[in-house]
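Chain residues, written in single-letter form:
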Amino acid sequence: MSQDDMHGYTVAYEREEIQFPVYVVCLIGACLGTIGIAIDNIVLIAIALLALGFGYYNYPLLETGKPRIGSGQYGVFAEGLGIVTWRSIKQIELITVDIRGSTNNELHITLEDPLDRALLVDWRRRPFYRFLMRLPWTISGNVIRIPLDVFDRPADEIMQSFTRMMTFYKH
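All residue numbers refer to positions counted from 1 along the written sequence of the respective chain. Local features in this predicted model are restricted to residues whose pLDDT is 70 or higher, and side-chain atom pairs enter the listing and the counts only when it is 80 or higher, whereas totals over whole chains, interfaces and linings include all residues. Just so you know, side-chain values use all the structure's heavy atoms and leave hydrogens and water out.

**A closer look at helix α1 (residues 19–39)**
Where we set the bar: The helix count covers DSSP runs of H or I at least four residues long, the strand count covers runs of E at least two residues long, and both are numbered beginning at the N terminus. Here the expected length of a helix is defined as 1.5 Å per residue gap, with one fewer gap than residues. The rule is simple: take the accessible area with a 1.4 Å probe, protein chains only, and divide by the maximum for that residue type; under 20% is buried, over 50% is exposed, in between is partly exposed. It is the directions from the helix axis to the C-beta atoms that the arc portrays. The criterion used for residue contact is that any of the two residues' heavy atoms lie within 4.5 Å.
Its 21 residues place the ends of α1 31 Å apart at the C-alpha level, agreeing with the 30 Å of an ideal helix rising 1.5 Å per residue. Those residues of α1 lying buried are Gln-19, Val-22, Gly-29, Gly-33 and Gly-36. Down the axis of α1, the buried set is contained in an arc of 130 degrees. They therefore lie on one face. In α1, the exposed residues that point more than 90 degrees away from the buried face are Phe-20, Leu-27, Thr-34, Ala-38 and Ile-39. Buried residues in α1 make contact with α2 (42–57). Backbone geometry just downstream of α1 places Asp-40 in the positive-phi region, at approximately 55 degrees.

**Description of the packing of aromatic side chains**
Selection rule: Ring pairs shown here join Phe, Tyr and Trp side chains whose ring centres sit within 6.5 Å, with only the six-membered ring taken for Trp; geometry is labelled stacked below 30 degrees between planes, edge-to-face above 60, and tilted in between.
Taken as a whole, this structure holds four aromatic pairs when the rule is applied. Pairing Phe-77 with Trp-123 gives two aromatic rings, centres 6.3 Å apart and planes at 70 degrees, and the pair type is edge-to-face. Here Phe-77, found in strand β3 (residues 75–78), pairs with Trp-123, found in the loop between β7 (119–122) and β8 (138–140); they are 46 residues apart in sequence, far enough to count as distant. Its relative accessible area of 1% is what places Phe-77 among the buried residues.

**With respect to empty space enclosed by the protein**
Put simply, the test is: Whether a set of points on the 1 Å grid over the protein atoms alone is a cavity depends on a 1.4 Å probe fitting there but being unable to get out, while an open set qualifies as a pocket with protein on both sides within 12 Å along at least five of seven lines; lining residues are those with an atom within 4 Å of a point. Grid points are joined across faces, edges and corners, and a volume is the space filled by probe spheres set on the points. Under this grouping Gly is polar, as are all residues other than the nonpolar Ala, Val, Leu, Ile, Met, Phe, Trp, Tyr, Cys and Pro and the charged Asp, Glu, Lys and Arg.
In this structure the tally under the stated criterion is one cavity of 30 Å³ or more. Of the voids in this model, the largest cavity is the one considered here, and its volume is about 30 Å³. Taken together, Tyr-13, Arg-134, Pro-136, Pro-147, Val-150 and Phe-151 make up the lining of the largest cavity. Its residues placed into classes, the lining of the largest cavity shows five nonpolar, no polar and one charged.

**Notes on the pattern of salt bridges**
Convention followed: Salt bridges are counted wherever a side-chain nitrogen of Lys or Arg sits within 4 Å of a carboxyl oxygen of Asp or Glu.
According to the stated counting rule, one finds 10 salt bridges in the structure shown. Residues Glu-63 and Arg-130 are paired through a salt bridge, measuring 3.0 Å at the closest nitrogen-oxygen approach. In this pair, Glu-63 is assigned in the loop between α2 and β2 (69–71) and Arg-130 in the loop between β7 and β8, connecting sequence segments 67 residues apart. Arg-130 shares its class with Glu-63; the two are buried. In this structure, the salt-bridge partner of Arg-153 is Glu-157, at a minimum N-O distance of 3.9 Å. For Arg-153, a relative accessible area of 30% gives the class partly exposed. Relative accessible area serves as the criterion here: at 30%, Glu-157 is assigned to the partly exposed category. A cluster of three or more residues bridged by salt bridges with shared partners is formed by Glu-63, Lys-66, Arg-68, Glu-79 and Arg-130.

This is the structure in structure tokens:
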């Protein structure tokens, strides 16, 4: 089973404002790299490589419309992670996190089992060219953390849909 086979409630990256900074930083990196090569300035080339590295890391934000997270009859899925079965999920919470004066929403999925046993399908092996690109999740201990503010649906709607599906399929 691949990510393309996933059906149910799916969420993609937002289509509007998160793409602009990636394009701008890539354009700046390309300009700095061109100027650095033209005048043979290693500092400009290094700064250009950092900017282009930022663009490469955030490239998945440009691929809008592709499901990144979601839930279905088998459990919760996330790009680059796999399908976490409903029976392995202990709790789903919507957490508000303050980072440098900015309020962000995160979905915390607490697991009852270790991640290797909780996964029905493991998608953690990615092609080499996508290895350093952004993933829509992080894991700390038995908690999968998914920042929700970059997605095309409101955080409350995502939380309600995941909770509703967990209640329906888990019992």
